[in-house]
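# Examining the three-dimensional arrangement
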Amino acid sequence: MVSQSSSEAYTNMGKTSDLTAVQKATIDTLHKEGKTQKVIAEEAGCSQSSVSKHINGEAKGRNNCGQKKCTSNRDHRALVRIVKKNPFKNVGEIQKEWTAAGVSASRSTTKRRLKDMGFNCRIPRVKPLLTKKQREKRLTWAKEKKSWTAAEWSKVMFSDESKFCISFGNRGPRVWRRTGEAQDPRCLKSSVKFPPSVMVWGAMSSAGVGPLCFLRSRVNAAVYQQVLEHFMLPAADLLYGDGDFKFQQDLAPAHSAKSTRAWFTDHGISVLNWPANSPDLSPIENLWGIVKRKMQNARPKNAEELKATIRATWALITPEQCQKLMDSMPRRINAVIEAKGAPTKY
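Residues numbered from 1 in each chain as written. Predicted model: local features only at pLDDT ≥ 70, side-chain atom pairs only at ≥ 80, totals over all residues. Heavy atoms only, no water.

Per an unreviewed UniProt entry, the protein goes by the name Tc1-like transposase DDE domain-containing protein and belongs to Gouania willdenowi.

We now examine the packing of helix H4 (residues 73-85) against helix H6 (residues 107-116). Where H4 contacts H6, the two axes come as close as 11 Å, and the packing angle between them is 85 degrees. Our classification of the angle between H4 and H6 gives roughly perpendicular. Residue-level inspection shows His-76, Leu-79 and Val-83 of H4 in contact with H6, the latter providing Thr-110, Arg-113 and Leu-114. Residue classes in the contact of H4 with H6 are distributed as 3 nonpolar, 2 polar and 1 charged. (Axes fitted to C-alpha atoms, helices over the stretch in contact; angles between N-to-C directions. Helix = DSSP H or I, 4+ residues; strand = E, 2+ residues; numbered from the N terminus. Parallel < 35°, antiparallel > 145°, perpendicular 65-115°, else oblique. Contact = heavy atoms within 4.5 Å. Nonpolar A, V, L, I, M, F, W, Y, C, P; charged D, E, K, R; others polar.)

Looking now at the packing of helix H12 (residues 283-294) against helix H14 (residues 319-326). With their axes 9 Å apart at the nearest point, H12 and H14 run at an angle of 135 degrees to one another. Of the possible angle classes, the one that applies to H12 and H14 is oblique. Considering how the two elements wind past one another, H12 and H14 form a crossing that is right-handed. Contacts between H12 and H14 involve Pro-283, Asn-286, Leu-287, Ile-290 and Lys-294 from the first element and Gln-321, Leu-325 and Met-326 from the second. For the contact of H12 with H14, the per-class residue count stands at 5 nonpolar, 2 polar and 1 charged. (Left-handed = near helix turned anticlockwise from the far one by under 90°.)

Within strand S6 (residues 198-205), 7 of the 8 residues are buried, which leaves it mostly tucked inside the rest of the structure. By the bridge criterion, 7 bridges tie strand S3 (residues 156-164) to S6 in an arrangement that is antiparallel. Residue Phe-158 lies in a different strand from S6, and its bridge partner there is Met-204. Where S6 folds back onto strand S7 (residues 208-209) in an antiparallel hairpin, the turn is made up of 2 residues. (Buried < 20%, exposed > 50% of the residue type's maximum accessible area, 1.4 Å probe, protein only. Pairing = 2+ DSSP bridges.)

Looking now at a positive patch on the surface. Side chains of Arg-125, Lys-324, Arg-331 and Lys-345 sit close together on the surface and give a patch of like positive charge. Turning to its location among the elements, Lys-324 is positioned in helix H14. On the basis of relative accessible area, Lys-324 is assigned to the exposed category, the value being 64%. (Patch = residues over 30% accessible without salt bridge, like charges linked within 9 Å, V, L, I, M, F, W, Y side chains within 5 Å. Areas by Shrake-Rupley, 256 points an atom, 1.4 Å probe, with all protein chains shown as cover. Salt bridge = Lys/Arg side-chain N within 4 Å of Asp/Glu carboxyl O. Lys, Arg positive; Asp, Glu negative; His and termini not counted. Charge placed at Lys NZ, Arg CZ, Asp CG, Glu CD.)

Okay, structure coming up:
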């Protein structure tokens, strides 16, 4: 069904000529299925009067009513080539290149044609670039864990560091893409692994979250072992008591250092083997996303206010939210297997 992603596109829509080709097709399909005009309008993302006029117009054979398009199918194919060549261009840049190709079209016409052809301007997903070897290791890991039960995953404590910035408004350039192209390599933005920011360490399990640690310096093996000593162990006591658990961490140098491995051995803690560059397999990544979305309207003035906001928001995370994220592990694993080790939507 059509996504109601742009309220602007559906404002004051009263004529059938205002409907996009996708909307018209949706209306026709649902009308044949016997849906009411109210339901059809909600699904197609337009007014009920537009649905009525389109259905009545089709019934009377008025398919060609409305203003004739000033661009041809050949022009449309040229526009698709321009967008696919570089989907990160804005409408003005696309319009200039389209005009240079011999098409007489305004900026507003260019935008309408893009939407007619199913393109929407979205914030690009950020995914790490994976080598062939890394994809193979991810696939092998997923196949090994495919048979794990919910009880087994409940014994895993996931951990991670994340960056928080005072301003959440600037998300960078947008990308033109169609439905289903969110994971297309052309439409992805490469991530920066260590941007300057306030760094926070946290942990979670199906029972809830542990205490946060704000990292004051660059995390080397010695600093990380202090985090484990003063924050991970208390988190384990809080979440598992005397029960057994496995600890999950990514393959950052401080995490995989020889002295860190020795620390885990000395403390009798089992570490879950983990494939490199696999944030999509870790539910705590989604938990950070929940916290940041809750903080979008916050406007901390300095680092201390930012830390206080993070602590307060983290404290609102419920065990039910954590359990729901942990329940997604089988789906994450199946997604990696289906993608043959490539990055997934998670």
